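Chain by chain, the residues:
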Amino acid sequence: MLPSLRDLRYLFAYTLPLTAALSLWLGGAYTWLTFAYAFGLVPLVEWLRPPAPAQPGVAAATEAKRHTFFDGLLYLNVPLQYALMAFFLYSLSNRHFTRAETMGTVLSVGICCGALGINVAHELGHRSRGWEQRLAQALLLSTWYPHFFIEHNRGHHRHVATLQDPVTARFREGFWRFLPRAVVGEIRSAWALERERLHRQGMSAWSWSNQMLQFQAAQGLLAGGVLAVFGVKGMLAWLAAAVVGYVLFQLVNYVEHYGLLRRQTATGTYERVQPHHSWNSEHPLGRILLYELTRHSDHHYQASRPYHTLRHQPASPQMPTGYPGMMLLATVPPLWFRVMNKRVPQTVAN
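Every value quoted in this text rests on a predicted model; they were computed, and no experiment measured them.

Caption draft 1: Structural detail: the side chain of Thr-143. Here Thr-143 shows up in the loop between helix 6 (130–141) and helix 7 (148–159). A polar contact of 3.0 Å, which involves the side chain of Thr-143, links it to the backbone oxygen of Leu-140. Contact partners of Thr-143, with chain neighbours within four places excluded, come to Gln-81, Cys-113, Gly-117, Ile-118 and Ala-242.

Caption draft 2: Spotlight on the packing of aromatic side chains. Evaluation of the coordinates by the stated rule reveals 23 aromatic pairs. Each ring, one from Phe-148 and one from Phe-249, has its centre 5.5 Å from the other, and the planes form 90°; the classification is edge-to-face. Residue Phe-148 is located in helix 7, and its partner Phe-249 is located in helix 9 (residues 211–257); the two are separated by 101 residues in the primary sequence. Judged by its relative accessible area of 3%, Phe-148 falls in the buried class.

Caption draft 3: Representation of the packing of helix 3 (residues 68–75) against helix 4 (residues 77–94) in the model. The interhelical angle for the contact between helix 3 and helix 4, taken along N-to-C directions, is 20°, at an axis separation of 5 Å. Viewed along their axes, helix 3 and helix 4 adopt a mutual orientation that is roughly parallel. Every residue of helix 4 that contacts helix 3 at Leu-73, Leu-74 and Tyr-75 is listed here: Asn-77, Val-78 and Pro-79.

Caption draft 4: Just a nonpolar patch on the surface, in detail. On the surface, Leu-18, Leu-22, Trp-25, Leu-26 and Tyr-30 cluster together into a nonpolar patch covering about 560 Å² of accessible area. Mapped onto the elements, Leu-26 comes out in helix 1 (residues 15–26).

Caption draft 5: The UniProt feature "domain: Fatty acid desaturase" (unreviewed entry) in the protein, seen in detail. Summarizing the sequence annotation, UniProt attributes the feature "domain: Fatty acid desaturase" (unreviewed entry) to residues 107–312 in the numbering used throughout. Taken end to end, residues 107–312 is 62% helix and 0% strand, and its first and last C-alpha atoms sit 32 Å apart.

Caption draft 6: Layout of helix 2 (residues 33–48). In this model, helix 2 (16 residues) spans 21 Å end to end at C-alpha, consistent with the 22 Å of a helix rising 1.5 Å per residue. Within the sequence span of helix 2, burial applies to Thr-34, Tyr-37, Ala-38, Phe-39, Val-42, Pro-43 and Glu-46. Each element contacted by the buried residues of helix 2 is listed here: helix 1, helix 5 (99–125), helix 9, helix 10 (284–289) and helix 12 (323–330).

What counts, and at which threshold
Residues numbered from 1 in each chain as written. Predicted model: local features only at pLDDT ≥ 70, side-chain atom pairs only at ≥ 80, totals over all residues. Heavy atoms only, no water. Helix = DSSP H or I, 4+ residues; strand = E, 2+ residues; numbered from the N terminus. Polar contact = N/O pair within 3.5 Å; in protein donor to acceptor, adjacent residues only side chain to side chain. Contact = heavy atoms within 4.5 Å. Phe/Tyr/Trp six-rings, centres within 6.5 Å; stacked < 30°, edge-to-face > 60°. Buried < 20%, exposed > 50% of the residue type's maximum accessible area, 1.4 Å probe, protein only. Axes fitted to C-alpha atoms, helices over the stretch in contact; angles between N-to-C directions. Parallel < 35°, antiparallel > 145°, perpendicular 65-115°, else oblique. Patch = residues over 30% accessible without salt bridge, like charges linked within 9 Å, V, L, I, M, F, W, Y side chains within 5 Å. Areas by Shrake-Rupley, 256 points an atom, 1.4 Å probe, with all protein chains shown as cover. Salt bridge = Lys/Arg side-chain N within 4 Å of Asp/Glu carboxyl O. UniProt positions renumbered as here; feature names shortened; annotations may be inferred. Expected span 1.5 Å × (residues − 1).

Structural data, given as C-alpha cells:
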C-alpha cells in the first residue's frame, strides 16, 4: 500500500534531526537552531493557529496496523540518532566551539535524544515483534534511559493516573518538584518490576536474566566505547545531551497526566484507564513531530495501536496549545498553575 500525499506530512518529523545536523555543520549562532525551532517557532505557530476540529473515532492516517511507510519512518530514526550522536561527538572533539556554541549543540542534540531517542523508542517498545523492541532498546541506550523499556510498559501503563505511578504529576505539584521524584521513581519501579518477575520464576534478582543488569552492562559497554574514542570531554557532552533529553521527556510525562487521578472501586482496585485520564492536543505540528504522542488518551486506552492509527477521543481534556508550548509553560510553575489548574476536571483531580 503506497502512502498518500497526506501521509507524507510525517516526513516533517525529520526536521528535528535535520536542524540538529545543520547546527553542528554551520556552528556559530546556528548551534541554537534546533532549540529555536522546537521551542520558539513551533509553539508560536501552534499558539497563533488553533487546530481544526477533529473528528472522533477517525484514525490519524490509516487503520492498517502494519504499514511499510509508517513503520519505516520509525526504523530510520535508529541510524539517524546514532549518526547524529557520532557527528556531535566528532564535532566537539575536532572543532573549537565557544562555551555558548557548546551549549547550543548540547541542547540541539539533547532535543533529538528526547524526540528520537526516547519518544520513538516509546512507540517501538509497544510493538510485539522482538526485533522492533531491540530497536527501542538501542535508542534508549543512546540516551542513558534503558530502564524506561521496563517501567513504561509494565509499570506506567498499569498505574497511570494513580498515586503509585512515579510519572503522574500531582495536582499543584510544580515540575521542578516532580522531576526528581519521577527520575528516582522510574528507576526504583523498574528494579522492583524485574525483582518481582524473577521471584515468580524462582530466580534471584541478581540473576543475569534481570533486564536491568543486562541494560546496565550494555550501557557500560557503549559508554566505554565513547570514552575510548572521544575521551572524557566526549563522554561528558554525551551525558549532558542525554540529560537534556531526559528532562524533556519528563516534561512530556508531566503535561500528559497532570492532576488526573483514577477513582478506586469499593474493592480498592482502580477503574479502567479512560480518555479523560490524559491531556491531549490536536495541534498538528506537535502531533507530527512527536509521532501522534499528543493523542495520548487513545494510546492509553489501547496501547497496542500504532501511532498512525491513534484516534481523537472527544472525552479527553484538551490543552490550550500544543505539547512544545505546554512543556515550556511547565518550566514556570506559577504560570502553569494559573493556566492549567482551572482546567483540571475536579472529578478526577488528585
